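Each chain, written out:
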Amino acid sequence: MSVVRGGAVKHFSLALVVWLFVGVSLPARAAGNFFTTPQVLKEFFPKSQRVTYRKVKLGPAELAAVQGRLGYKPAKPEYVIFVATTGEHVDGYAVIDEELGQHEQITFAVKLSSAGVVERHEVMVYREKYGEEITDARFRRQFQGKTAKDPVRAGVDIDVVTGATISSRSMAIGVRRALVLVDELILKTGALSGAQAAAPSAPKG
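Residues numbered from 1 in each chain as written. Predicted model: local features only at pLDDT ≥ 70, side-chain atom pairs only at ≥ 80, totals over all residues. Heavy atoms only, no water.

K.L.:
An account of the overall build of the chain is requested, with residue identities and associated values reported.
P.N.:
Scanning the chain from N- to C-terminus turns up five helices and seven strands. Along the chain, helices (α) and strands (β) appear in the sequence β-β-α-β-α-β-β-β-β-α-α-α when read from the amino end. Taking all 205 residues of the chain together, the buried fraction comes to 51%. Sequence-distant contacts, at least 24 apart, represent 65% of the contacts inside the chain between residues at least 6 apart. Of the roughly 9,800 Å² that the chain leaves accessible, carbon and sulfur atoms contribute 51%. (Helix = DSSP H or I, 4+ residues; strand = E, 2+ residues; numbered from the N terminus. Buried < 20%, exposed > 50% of the residue type's maximum accessible area, 1.4 Å probe, protein only. Contact = heavy atoms within 4.5 Å. Areas by Shrake-Rupley, 256 points an atom, 1.4 Å probe, with all protein chains shown as cover.)

K.L.:
Mind laying out the layout of surface pockets, listing which residues take part and the relevant values?
P.N.:
Its volume calculated, the largest pocket comes out at about 190 Å³. Contributing to the lining of the largest pocket are Arg69, Leu70, Tyr72, Pro151, Val152, Arg153, Ala154, Arg169, Ala172, Ile173 and Arg176. Elements represented by at least two residues in the lining of the largest pocket include exactly α2 (60–70) and α4 (165–187). For the lining of the largest pocket, the element with the most residues is α4, which contributes four residues. Residue composition of the lining of the largest pocket, grouped by class: seven nonpolar, no polar and four charged. (1 Å grid on protein atoms, 1.4 Å probe; cavity = no way out; pocket = protein on both sides within 12 Å on 5 of 7 lines; lining within 4 Å. Points joined across faces, edges and corners; volume = space filled by probe spheres on them. Nonpolar A, V, L, I, M, F, W, Y, C, P; charged D, E, K, R; others polar.)

K.L.:
Can you tell me about the packing of aromatic side chains, naming the residues and giving the values?
P.N.:
For the structure on display, the rule yields two aromatic pairs. Aromatic side chains Phe44 and Phe45 sit 6.1 Å apart centroid to centroid with 85 degrees between the ring planes, which places their arrangement in the edge-to-face category. Given a relative accessible area of 3%, Phe45 falls into the buried group. Measuring from ring centre to ring centre gives 5.5 Å for Phe139 and Phe143, while their planes differ by 85 degrees; the resulting arrangement is edge-to-face. Each member of the pair, Phe139 as well as Phe143, is classed as buried. (Phe/Tyr/Trp six-rings, centres within 6.5 Å; stacked < 30°, edge-to-face > 60°.)

K.L.:
Describe α4, with residues and values.
P.N.:
Between its first and last C-alpha, α4 extends 32 Å over 23 residues, near the 33 Å set by a 1.5 Å rise per residue. Most of α4 is tucked away, with 18 of its 23 residues classed as buried. (Expected span 1.5 Å × (residues − 1).)

K.L.:
I'd like a description of the environment of Val40, backed by residues and values.
P.N.:
Inspection of the secondary structure puts Val40 in helix α1 (residues 37–44). Here the alpha-carbon distance between Val40 and Val123, two residues 83 residues apart in the chain, equals 9.7 Å. In this view, Val40 contacts Phe35, Ile96, Ala109, Glu122 and Met124; residues no more than four positions away in its chain are not counted.

Read these as spatial facts, not as claims about activity.
In structure tokens:
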């Protein structure tokens, strides 16, 4: 794994990462725009002193490990993992990503504890005409407490929402991927300490 770019964002100055949407833009015609990147990070880490981000590439070894655990090849060659800290303490992680629904991409965010446990899941942009029920708290709460050891699979340990079957499955796939990415790229490798030493810079793209 190679760290491409690292940066720190002061608390309440998260507008610096408004364009860092893991290659995602927010079209005005979306069926539901619920969060921007700065908004969801503030929601996730309201008490943290700062939020840093790690943009990491999947090298051959990391790609093989992630693919082996997920059962499919990740669509992106690199991912962004946000890290919230207070002093020297890691408060948690966040992954913002997309997963295909029935026809359109669903942009979502996953908050994980410092131990890699899902604490919160939010749909940031829902573009489909139907199936918006996955934005309801009842569905999203199912992911809380999940770890990389759990199946996190629709119909297994995640109940499918009637009328939003495909979107339910998409979110289960997306959350599972976030869990594996944080576990494989951060927790297993101990990459955070080295990444934190990188000089702050505003992300681009």
